[in-house]
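Residue-level listing of the chains:
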Amino acid sequence: LESTIRNISMTAENLAAAMGGENFEVTEMYPAYGAVAKLQGEKGAMLSIHYALEAEKIHEAMYGEAKGLVTDGQDRSALPVYICPTCGYTVIGDPPAKCPVSQTPSEKFVKF
């Protein structure tokens, strides 16, 4: 039992660290990159950075949800994960008809 509790604790710590990394990307890294791209008038870079920023927000929330489940001694049900190939938008379960970030149709999503 003690090793099980320690494994849950370690998993929760790892998820918290991953969440922190995503938060850094959302609050500091991509906004800085976006500011430079805007300053330089790099429209393609601005779009890519926007896509990445939105995807990282989703990833941070997913890590938070997983951490909550682990802390409560639960596990996520086995559902497919779909990722938008254009922007990285990620969804567990069925994808939306169109990506809410890039408007990519769901049939182009990659299933994992």
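Everything below is about the structure shown above.
For the rest of this paragraph, the subject is the side chain of glutamate 56. Within the element layout of this structure, glutamate 56 appears in helix α2 (residues 43-71). Of the side chains with opposite charge, lysine 57 comes closest to the buried, unpaired glutamate 56, at an N-O distance of 11 Å. Excluding its chain neighbours within four sequence positions, the residues that come into contact with glutamate 56 are Glu22, Glu25, Val26 and Tyr30.

With that settled, consider the environment of asparagine 23. Positionally, asparagine 23 belongs in helix α1 (residues 2-39). Asparagine 23 gets classed as partly exposed once you look at its relative accessible area, which sits at 31%. Taking C-alpha positions, asparagine 23 is 21 Å from cysteine 84, a pair spaced 61 residues apart along the chain. Excluding residues that lie within four positions of it along the chain, asparagine 23 makes contacts with Glu28 and Glu60.

What follows concerns the nonpolar core. The biggest cluster of nonpolar side chains holds 10 residues, and these are Tyr51, Ile58, Tyr82, Cys84, Cys87, Tyr89, Val91, Cys99, Val101 and Phe109. Sequence-distant contacts of tyrosine 51, that is, excluding residues within four places in its chain, are made with Thr86, Cys87, Val101 and Ser102. Val26, Met29, Tyr30 and Ala52 belong to the second-largest nonpolar core, a separate cluster that totals seven residues.

Definitions and limits used
Residues numbered from 1 in each chain as written. Predicted model: local features only at pLDDT ≥ 70, side-chain atom pairs only at ≥ 80, totals over all residues. Heavy atoms only, no water. Helix = DSSP H or I, 4+ residues; strand = E, 2+ residues; numbered from the N terminus. Buried < 20%, exposed > 50% of the residue type's maximum accessible area, 1.4 Å probe, protein only. Lys, Arg positive; Asp, Glu negative; His and termini not counted. Salt bridge = Lys/Arg side-chain N within 4 Å of Asp/Glu carboxyl O. Contact = heavy atoms within 4.5 Å. Core = buried A, V, L, I, M, F, W, Y, C linked by side-chain atoms within 4.5 Å.

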